Amino acid sequence: FILSRAYIVPISTVSPCESGNHLSIACVVSNPEDMVITPDQRFVLISEFGGIRPLSAMVPGRLAMLDAVTKTPEPLAIIYSDNSWGDNHCSKTADSDFGPHGMDLVKRNDGRYQIAVVNHMGGESVEMFELVSVAPVDAQAENFNKWGLIWRGCVMAPKDNYLNDVTLLSDGSFFVSHMYHPEFSVTDFLLEVILKRDTGYVMHWDDHTGFSHVPGTEGAQPNGVAFDQASNVLYVAFNIGDKVSAVDVTNGRVLKSFAADGPDNLVLDNGKLWLTELNHEILDTLACEGMNPCALPFSVIALDASRLEEVGRWSFSQQPFGLPTVALPFNNAEIEQVFIGSMAADRFAYFDLTTPKLAAESASEPIADSEGTPETEPVPMVDKPAG
């Protein structure tokens, strides 16, 4: 069964830091598993992944910052302060080990910017940071501010939970995905790749009630999460389950699902839901031993978030990049690109978006539920450059 579904085309060997014919790369980060854009639309904050059990060794990672236009690293100062945004049972210092994974950024009700990062070291936790503007040392040389982080607390997860991604609300609460039990083994993982049984769910946390199970989010390795606060719809990517679902958190109903192979992190941007798709089987990554990155084929997909219908797809094969985890659209006065992160690469990738812009394709109809509400007319497809 596994062999019949495997990707059997030879995998290209990738060694030099050179862009491909359809995909550009910048070798300035390590394992850029997740990304967020700073409020000034100038920089990208990156979670440099350190690994998860049982699939890889656990090593410390860090948070990094890049200039989105020049693709060059920028210093990111982190100051540790009091625990004011977390719980009373969690404490960290600058010397604590840090294993970052999924992350999110939100503007709080009090006007401050909050970043949450899943951390796998020192116990499963969600770390809270305030993103603050830092004036440049030489104001004449640079006409924009930089950014820094102040640690504002953390939240320890229950011992039976193993976390992946987080999405913040403006009141400081969050949803976080629980992938599987911490004692999940490689054998368990390989078995569930085939059987696709429920291994986890999404939890909600606030400082009044703590953690609670979100109904309707059970599935095979919940991974990326993104919450639309205006509609109370939570989007969940099931990595082993090969789908993305929209869940109404007010009643736990699964409104609709979209089939995708190995979806990872989700980005909700201007009515579009962005994700990556593996155009190979998860077990094909076993052939990637010693390759950094592993150039297996993949796609970037844009969905109309209101209906979970595909409005854009960009497919890449034999490019100097692979094992994607996040697709982050970036659009300011200078560039219009999509950044792509990976859980196992010494680089990040990016490509230019061409007209027509996806924003012009938005639809107004809400998501049709899974019980038979008539479908609306499909959104026209945009051009799909081949990889």
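Residues numbered from 1 in each chain as written. Predicted model: local features only at pLDDT ≥ 70, side-chain atom pairs only at ≥ 80, totals over all residues. Heavy atoms only, no water.

## Here we look at the packing of aromatic side chains
Here is the rule: Ring pairs are drawn from Phe, Tyr and Trp, using the six-membered ring of Trp, whenever the two centres fall within 6.5 Å, and their geometry is named by plane angle: stacked under 30 degrees, edge-to-face over 60, tilted for the rest. When accessible area is computed with a 1.4 Å probe and restricted to protein chains, residues below 20% of their type maximum are described as buried, those above 50% as exposed, and intermediate ones as partly exposed. In this scheme, Lys NZ or Arg CZ marks a charge over a ring once it lies within 6 Å of the ring centre and within 35 degrees of the ring normal.
Applying the stated criterion across every chain yields a total of 17 aromatic pairs. With a centroid separation of 4.3 Å and an interplanar angle of 15°, the aromatic rings of Y180 and F184 are classed as stacked. Geometrically, the ring pair formed by F339 and F348 is tilted, given 5.4 Å between the ring centres and 50° between the ring planes. In this structure F339 comes out as buried when scored by relative accessible area, which is 2%. Overall, F348 belongs to the buried group, its relative accessible area being 2%. Through a chain of ring-to-ring contacts, three or more aromatic side chains come together here, namely W274, F298, W314, F316, F321 and F351. Of note, R108 hangs over the ring of W85, and the distance from its end group to the ring centre comes to 4.1 Å.

## A word on the sheet that holds strand 15 (residues 222–228)
Put simply, the rule reads: By the convention used here, strands pair only if DSSP detects at least 2 bridges between them. Helix and strand definitions follow DSSP, with helices as H or I runs of at least four residues and strands as E runs of at least two, each counted in order from the N terminus. Here an axis means a line fitted to C-alpha atoms, over the contact stretch when the element is a helix, while the angle between two N-to-C directions is reported on a 0 to 180 degree scale.
Strand order in the open sheet formed by 4 strands is 15-16-17-18, with antiparallel pairing between adjacent strands. The two strands at the open ends of the sheet, each matched to only one other strand, are strand 15 and strand 18 (253–259). Taken over all neighbouring pairs, the strand axes of this sheet differ in orientation by 20° on average, direction set aside. Examined bridge by bridge, strand 17 (residues 243–248) and strand 18 share 6 bridges and lie antiparallel to one another. Bridging across to strand 18, D248 finds its partner in R253.

## Quick word on the pattern of salt bridges
For the record, the criterion: When a carboxyl oxygen of Asp or Glu lies within 4 Å of a side-chain nitrogen of Lys or Arg, that pair is called a salt bridge.
Inspection of every chain in the model, using the stated rule, returns 17 salt bridges. Measuring nitrogen to oxygen at the nearest pair gives 2.4 Å for the salt bridge that ties E48 to R62. Within this pair, whereas E48 is found in strand 3 (residues 43–48), its partner R62 is found in strand 4 (residues 62–67), the two being separated by 14 residues in sequence. Given the relative accessible area of 46%, R62 is considered partly exposed. The partner of D304 in a salt bridge is R307, and the shortest N-O contact between them spans 3.8 Å. In this structure, D304 and R307 share a single accessibility class: buried. Residues participating in the shared-partner salt-bridge network are R108, D110, R112, E130 and R152.

## Here we look at helix 2 (residues 186–195)
For the record, the criterion: As used here, the arc is the angular range of directions from the helix axis to the C-beta atoms.
Taken together, the buried positions of helix 2 are F189, E192 and V193. Take helix 2 and look down its axis: the buried residues cluster within an arc of 110°, on one side only.

## So, the sheet that holds strand 24 (residues 336–342)
Strand order in this open sheet of 4 strands is 1-25-24-23, and the pairing throughout is antiparallel. Only two strands of the sheet have a single partner each, and these edge strands are strand 1 (24–26) and strand 23 (324–331). Neighbour-to-neighbour, the strand axes of the sheet open up by a mean angle of 25°, direction not taken into account. Looking at chain direction, strand 1 and strand 25 (residues 348–352) are connected through 3 bridges and run antiparallel. Looking across to strand 25, one finds that I25 is bridged to A349.

## With respect to the state of the cysteines
Rule in force here: Working definition: a disulfide is two cysteine sulfur atoms within 2.5 Å of each other.
The tally for this structure, following the rule as stated, stands at 2 disulfides. With a sulfur-sulfur separation of 2.0 Å, C17 is cross-linked through a disulfide to C27. Across the S-S bond of C17 and C27 the torsion is about 110°, and the bridge reads as right-handed. One end of the pair, C17, is in the loop between helix 1 (2–5) and strand 1; the other, C27, is in the loop between strand 1 and strand 2 (32–37), with 10 residues separating them in the sequence. Accessibility expressed as a relative area gives 29% for C27, which makes it partly exposed.

## So, the pairing of strand 2
Looking down a regular strand, the side chains alternate between one sheet face and the other. Here strand 2 lies mainly inside the structure; 6 of its 6 residues are buried. Both strand 2 and strand 3 contribute to a ladder of 5 bridges, which runs antiparallel. Paired with I37 across the strands is V44, a residue of strand 3. The hairpin turn running from strand 2 into strand 3, its antiparallel successor, is 5 residues long, and Q41 in that turn takes a positive phi close to 60°.

## Considering the confidence of the model for the protein chain
Counted only if it meets this: The predictor attaches a confidence to each residue, called pLDDT, with possible values from 0 through 100. Residues count as neighbours in contact if any of their non-hydrogen atoms are within 4.5 Å of one another.
Confidence along the protein chain averages 87 in pLDDT terms, with 83% of residues attaining 70 or more. Across residues 355–365, confidence stays below pLDDT 50; counting only partners more than four residues off in sequence or on other chains, it has 25 contacts. The low-confidence segment residues 368–387 (pLDDT under 50) makes 48 contacts with residues lying over four places distant or belonging to another chain.

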